[in-house]
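Remarks on the overall topology
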Amino acid sequence: MWQSGIFSMGYLSLPALKNLKKYSYKGVDESLVSRYLLTPYWNWFIKLFPLTIAPNTITLLGLCIVAFNKDGAVGPPQWIYFTCAHSICSKQARRTGMAGPLGEMLNHVVILASSYVLFQLEVVLAVHRTRFDQYPLL
């Protein structure tokens, strides 16, 4: 199996593939806000989620909250929901033993794509509101 498909094309050698299995992300944030405010909050908040919830489900939940709360009229600004969901997703992955390069890549793709789509939606709504205030779009 290893000799077919992408591996036979020379993209990944067998030693590189073995090293890929050893990969582990270790991010460090030494900011005071992160250390004394955000990390304790996220450590408390992640305990509200059961271990049976997949980490990327939390990210998608944050995206859904932002997408369906278009006006931001309820609760804090939308970016707070999404940032919190993204931050606790990684904690949930480590907590459940599901952390890995594939999950990390999927998480970042979801974050990038959804951030781009939400940003574009906000720009369209802002332009529409300034030009056509009497004709609501949503």
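It should be emphasised that the depicted structure is a prediction, and the values quoted were computed from it without experimental measurement.

Thresholds applied
- Residues numbered from 1 in each chain as written.
- Predicted model: local features only at pLDDT ≥ 70, side-chain atom pairs only at ≥ 80, totals over all residues.
- Heavy atoms only, no water.
- Helix = DSSP H or I, 4+ residues; strand = E, 2+ residues; numbered from the N terminus.
- Buried < 20%, exposed > 50% of the residue type's maximum accessible area, 1.4 Å probe, protein only.
- Areas by Shrake-Rupley, 256 points an atom, 1.4 Å probe, with all protein chains shown as cover.
- Core = buried A, V, L, I, M, F, W, Y, C linked by side-chain atoms within 4.5 Å.
- Contact = heavy atoms within 4.5 Å.
- Patch = residues over 30% accessible without salt bridge, like charges linked within 9 Å, V, L, I, M, F, W, Y side chains within 5 Å.
- Salt bridge = Lys/Arg side-chain N within 4 Å of Asp/Glu carboxyl O.
- pLDDT = per-residue confidence, 0-100.

Take the overall build of the chain next. Along the chain, the regular secondary structure elements total five helices and zero strands. Tracing the chain from N to C terminus, the helices and strands come up as α-α-α-α-α. Looking at the chain as a whole, 22% of its 138 residues are labelled buried. Counting every atom, the chain has about 10300 Å² of accessible surface; 69% of that belongs to carbon and sulfur.

Before going further, it helps to examine the nonpolar core. Burial of nonpolar side chains together is a common tendency in soluble globular proteins. Core analysis: the largest hydrophobic core is formed by seven residues, namely Trp42, Ile46, Phe49, Ile58, Cys84, Ala85 and Ile88. Of all the elements in the fold, those that place two or more residues in this core are helix 2 (32-46) and helix 4 (78-96). Top contributing element to this core by residue count: helix 4, with three residues. If sequence neighbours within four positions are ignored, Trp42 has contacts with Cys84, Ser87, Ile88 and Lys91.

Looking at the element boundaries, Gln92 is found in helix 4. Beyond its immediate stretch of four places on either side in the chain, Gln92 contacts Ile46, Pro50, Leu51, Ile53, Pro55 and Ile58.

This brings us to a nonpolar patch on the surface. On the surface, Tyr11, Leu12, Leu20 and Tyr23 cluster together into a nonpolar patch covering about 400 Å² of accessible area. Along the chain, Tyr11 turns up in the segment before helix 1 (14-21). Take Tyr11: its relative accessible area is 59%, and that puts it in the exposed class.

Moving on to the pattern of salt bridges. Scanning the entire structure with this criterion turns up one salt bridge. Put simply, Arg35 and Glu30 hold a salt bridge, and the shortest N to O gap is 2.6 Å. Of the residues examined, Arg35 reaches a relative accessible area of 37% and is grouped as partly exposed.

Moving on: the environment of Val110. Structurally, the position occupied by Val110 is in helix 5 (residues 101-131). You can call Val110 buried: its relative accessible area is 19%. Each C-alpha atom, one on Val110 and one on Leu63, is 8.9 Å from the other, the two residues being 47 residues apart in sequence. Residues within four places of Val110 in sequence aside, it is in contact with Thr59, Leu60 and Ser115.

What follows covers the side chain of Asn56. Tracing the sequence through the fold places Asn56 in helix 3 (residues 55-68). Among the residues examined, Asn56 registers a relative accessible area of 19% and is labelled buried. Apart from residues lying up to four places away in sequence, Asn56 is in contact with Cys89, Gly103, Leu106 and Asn107.

Moving on, we get to the environment of Ile111. Checked against the element boundaries, Ile111 lands in helix 5. Taking the C-alpha atoms as reference points, Ile111 and Phe82, separated by 29 residues in sequence, lie 8.7 Å from one another. In contact with Ile111, not counting residues within four places along its chain, are Thr59, Phe82 and His86.

In this section: the confidence of the model for the chain. Within the chain, residue pLDDT values average 75, and 77% of them lie at 70 or more. The weakest mean pLDDT in the chain belongs to helix 5 at 72; the strongest belongs to helix 2 at 89.

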